Amino acid sequence: MIKIENLVKRFGDKVAVAGISFTVDEGEIVGFLGPNGAGKTTTMSMLTGYLSSTEGVATINGINILEDPIEAKKQIGYLPEFPPLYLEMTVKEYLNFIYDLKSCTLNREKHLKEICDTVKITDVYNRVIRNLSKGYRQRVGIAQALVGNPKVIIFDEPTVGLDPKQIIEIRNLIKDLGRNHTVILSTHILPEVQAVCDRIIIINKGKIVANEKTENIDELFSGSRRLCLKVCGPAKDILNAIRSVTGVAYAEIIGSSDLDSTSFLVESMPGVDIRKMLFNAIVSRGWTMIGFESMGANLEDIFVSVVDQPEPNVGKKRKSVRKG
Amino acid sequence: MFAIYKRELRSYFISPIGYIFVAVYLAVSGIIFSICTLNAGQDSSVATYFMMLLYMFIIALPLLTMKLFADEKKARTEQLLLTSPVSLMGMVAAKFFAAYTIFAGTYLVSCINFIALYNYGTPNTAVLFGSSVALLLVGGACISVGVFISSLTENQLIAALATIVVILFFMMTSALNSYIDSALIRSVLNWVSIFERFSNFAYGYFDINAIVYYASISFAFLFLTVRVYEKRRWS
């Protein structure tokens, strides 16, 4: 559906996007993740035809965005970082304007009503956008992207500035959209991606550093498994027993509680499942295990580890990269 | 493209700027007409009237154009237009014609002034018509300059002031003549001057060269505006 090949964007001698390639299949929800200035917005701008690429090709549904921009743009609904709203218009006028702007052929009344129901703005339909709250404005922005029922929907940080309830609503909305649309979602809020996306692409300093299915992404970066144990018994002996289990790479005491129990952090060697052996080692010595928790690296750890990796050829040259 | 035109046209009358333009234009042109034609007692001569209108354009037309792109940039709606299935040319043309519609419409209304001439004198219809055509083209050139300058900044005030300066330059270069010795420079200044060329019309001569010149300025600046956006995309 979306195919990006070796996309490069230079602003003068600053490299904002340094040759990234990925594909997004139809009906997929892809999370585009990266620290500020990583090149997320720049990539999206190139994908939507707002900026041109210095090198490389972006095709949407087989249409090259530079060769046939008008046809390609028809396939895309885009919510930029700042929702592009005409504050002096009412929601109704605004959506009708978008409808005309995109030269839609769907039934106007019906289509706009459906969109308003989907993003829940029916009750503010006749109000002037200037008077709407941030959450409603954001939703009008989303509604704008949905007009014309585009095949591809691109959201740039859609939940910024919303309250927790609204964030959950928007996330659910995006999930729903994923059933009929291909969605790209850029954000630096990690739980959001985990909650919504089928696949995660992490970008840093203009390069893709990870491109994995959401459920696989933990394993990719944490070959070793981390466990938290709570055991009743003499702490020192237990620690020694844990360390003697084959496959344990590291173990330490991380605390004790009044129940005469001690908490241990245990890290396995990469690719070894030590859970059974660990349990048996404790129980066979007559100690009681009252807690056993797998700590699987969370997205934050992954994010930090991936983003902090030194990249000698890219990192040093540029001091400041334009907000990406 | 038509959607942008329609929205732009409406926005003039959502904010006060459209009303202000129409009201001020009609009032000032009426006053000029009374003073320069009716009270001057020069029978039906409209030469001074048309020349004075040009002076008014210098201030009035930037009012129409200052917001066109500057406002979009400030409100971040520019991105919407540039990622919509509309060509750059279409976008620029839509905005130009929206401003032009207001201007030309107001001018046509101000033609009521001429009724007085027909009632009490014998105006030369050909001169009125020729001058009107030229005036509408000069207006187009000024608006086109304004469109271009508005695309360069996100501050409406700067857009308006810069437009005034540029239009002033185009209008008035011939006024510098008396300070310049070089005949070559003088002829260049005369050639550029919108004002100098316009005087032909006011005195009854339909100058095709001038028509082409005005239209060229309009096209040139609209083209430059498109280039501004293309350049931004490619830079």
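## Let's talk about the overall build of chain B
Regarding its fold elements, chain B presents 12 helices and zero strands. Mapped in sequence order, the helices and strands of chain B form the string α-α-α-α-α-α-α-α-α-α-α-α. Taking 18 Å as the expected radius of gyration for a compact globule of 235 residues, we find that chain B reaches 19 Å, a close match to that expectation. Along the three orthogonal principal directions, the C-alpha set of chain B runs to about 55 × 45 × 30 Å. If you sum the accessible surface of chain B, you get close to 10,500 Å²; carbon and sulfur atoms cover 71% of it. Put simply, chain B has 14 plus and 10 minus side-chain charges, and the middle of one group is 11 Å from the middle of the other.

## Here we look at the environment of E114 of chain A
Residues and elements named next belong to chain A. Along the chain, E114 turns up in helix α4 (residues 108–119). The class of E114 is partly exposed, set by a relative accessible area of 42%. Taking C-alpha positions, E114 is 9.8 Å from V147, a pair spaced 33 residues apart along the chain.

## A few points about empty space enclosed by the protein
A water-sized probe, rolled over the atoms, reveals where empty space remains. One pass over the structure, following the stated rule, counts three cavities of 30 Å³ or more. The volume enclosed by the largest cavity comes to roughly 70 Å³. Lining the largest cavity are T48, K73, I76, G77, Y78, K102 and Q144 of chain A together with L80, T83, S84 and P85 of chain B. Looking at which element gives the most residues to the lining of the largest cavity, the answer is strand β6 (residues 76–79) of chain A, with three residues. In the lining of the largest cavity, the residues fall into four nonpolar, five polar and two charged.

## Focus: the state of the cysteines
All names here are of chain A. A full pass over the atoms with the stated rule returns zero disulfides over all chains. Between C228, a free cysteine, and C232, which holds the nearest cysteine sulfur, the sulfur-to-sulfur gap is 13 Å. C228 sits in the buried class, given a relative accessible area of 17%.

## Points about the sheet that holds strand β10 (residues 207–213) of chain A
All names here are of chain A. Spatially, the six strands line up as an open sheet ordered β6-β7-β8-β3-β9-β10, and their pairing is mixed. Strand pairing shows two members of the sheet lacking a second neighbour, β6 and β10, which therefore form its edges. The mean angle between the axes of side-by-side strands here comes to 15°, regardless of whether they run parallel or antiparallel. Looking at chain direction, strand β3 (residues 29–33) and strand β9 (residues 199–204) are connected through four bridges and run parallel. Within the sheet, the bridge partner assigned to F32 lies in β9 and is I201. Strands β3, β6, β7 (152–156), β8 (182–187) and β9 of the sheet are contacted by helix α1 (residues 40–47), whose axis makes an angle of about 150° with β8. Strands in contact with helix α6 (residues 164–180) are β3, β7 and β8; relative to β8, the strand with the most contacts, it is inclined by about 150°.

## So, the sheet that holds strand β11 (residues 226–232) of chain A
Residues and elements named next belong to chain A. Taken together, the four strands give an open sheet; going across it, the order is β12-β13-β11-β14, and neighbouring strands pair in antiparallel fashion. Looking along the sheet, the strands with just one partner apiece sit at the ends: β12 (248–256) and β14 (288–294). On average, adjacent strands in this sheet sit at an angle of 20° to one another, irrespective of strand direction. The sheet contact formed by β11 and β14 spans six bridges and is antiparallel. The residue of β14 that forms the bridge with C232 is T288.

## Focus: the interface of chain B and chain A
Tallying the contact residues gives 25 residues for chain B and 30 residues for chain A. Viewed at the interface, chain A and chain B are joined by three salt bridges. Close ionic contact of E93 of chain A with R10 of chain B constitutes a salt bridge, the shortest N to O distance being 3.1 Å. Taken together, the connections running from chain B to chain A amount to nine residue pairs in polar contact (both at pLDDT 80 or more). The greatest single-element share of the side of chain B that touches chain A, amounting to seven residues, is contributed by helix α1 (residues 2–14) of chain B. Tallied by class, residues from the side of chain B that touches chain A come to 10 nonpolar, seven polar and eight charged.

## Let's talk about unusual backbone geometry
Residues and elements named next belong to chain A. Within the chain, K120 stands out as a residue other than glycine whose phi angle is a positive 60°. Tracing the sequence through the fold places K120 in the loop between α4 and α5 (134–146). A positive phi angle, near 45°, is found at E157, a position not held by glycine. Tracing the backbone through its elements, the reader meets E157 in the loop between β7 and α6.

## Considerations on the confidence of the model for chain B
With 99% of its residues at a pLDDT of at least 70, chain B reaches an overall mean of 89. Scoring the predicted complex yields pTM 0.82 and, for the interface, ipTM 0.88.

## Side note on the layout of surface pockets
Taken as a whole, the second largest pocket spans an internal volume of roughly 360 Å³. Taken together, 20 residues line the second largest pocket, and the ones lying closest to its centre are E88 of chain A together with S15, K67, D71 and Q156 of chain B. Only α1 and α4 (67–75) of chain B provide two or more residues apiece to the lining of the second largest pocket. Counting residues per element, the lining of the second largest pocket draws most heavily on α4 of chain B, at five residues. In terms of residue class, the lining of the second largest pocket is made up of nine nonpolar, four polar and seven charged.

## Regarding the pairing of strand β4 (residues 55–60) of chain A
Residues and elements named next belong to chain A. As judged from the five bridges shared by strand β1 (residues 2–11) and β4, these two strands associate in the antiparallel manner. Among the inter-strand pairings, I2 is bridged to a residue of β4, identified as I60. Bridging between β4 and strand β5 (residues 63–64) involves two bridges; their strand directions are antiparallel. From the neighbouring strand, I60 faces β5, where its bridge partner is I63. In this antiparallel pair of consecutive strands, β4 and β5, the connection spans two residues, and N61 shows a positive phi of 55°.

Parameters and conventions
The residue numbering used here restarts from 1 in each chain and proceeds along that chain's sequence as written. To read the labels, note that chains go from A and ligands from 1, taken in the order they are written. At least 70 in pLDDT is required for a residue's local features to be given in this predicted model, at least 80 for side-chain atom pairs to be given and counted, and no such filter applies to totals for whole chains, interfaces and linings, which use all residues. Side-chain metrics rest on all non-hydrogen atoms present in the structure, leaving aside hydrogens and water. For the purposes of this entry, the term helix denotes a DSSP run of H or I that reaches at least four residues, the term strand denotes a run of E that reaches at least two, and both are numbered from the N terminus. In this treatment the radius of gyration is a C-alpha quantity, and the globule benchmark scales as 2.2 Å times the residue count to the 0.38 power. Each accessible area is a Shrake-Rupley estimate made with a 1.4 Å probe; only the visible protein chains count as cover when residues are assessed. Charged residues are defined narrowly, with Lys and Arg counted positive, Asp and Glu counted negative, and His plus the chain ends left uncounted. Every charge is mapped to an atom, namely NZ of Lys, CZ of Arg, CG of Asp or CD of Glu. Each residue's exposure class comes from its accessible area (1.4 Å probe, protein chains only) as a fraction of the maximum for that residue type: buried when under 20%, exposed when over 50%, partly exposed otherwise. In this analysis, the protein atoms alone were mapped onto a 1 Å grid. Cavities are point sets where a 1.4 Å probe fits without being able to get out; pockets are open sets with protein on both sides within 12 Å along at least five of seven lines; lining residues have an atom within 4 Å of a point. Grid points are joined across faces, edges and corners, and a volume is the space filled by probe spheres set on the points. In this classification, the charged set is Asp, Glu, Lys and Arg, the nonpolar set is Ala, Val, Leu, Ile, Met, Phe, Trp, Tyr, Cys and Pro, and all remaining amino acids, among them Gly, are polar. Two cysteine sulfur atoms make up a disulfide if the distance between them is within 2.5 Å. We call two strands paired when DSSP finds no fewer than two bridges between them. Between N-to-C directions, angles span 0 to 180 degrees; the directions come from axes that are lines fitted to C-alpha atoms, helices contributing only their stretch in contact. The contact criterion used is simple: two residues touch if any of their non-hydrogen atoms lie within 4.5 Å. Definition used for salt bridges: Asp or Glu carboxyl oxygen within 4 Å of a side-chain nitrogen of Lys or Arg. Think of a polar contact as two N or O atoms within 3.5 Å of one another; within protein, one of them needs to be a possible hydrogen donor and the other a possible acceptor, and neighboring residues in sequence only count if both atoms come from side chains. Confidence of the prediction at every residue is given by pLDDT, a number between 0 and 100.

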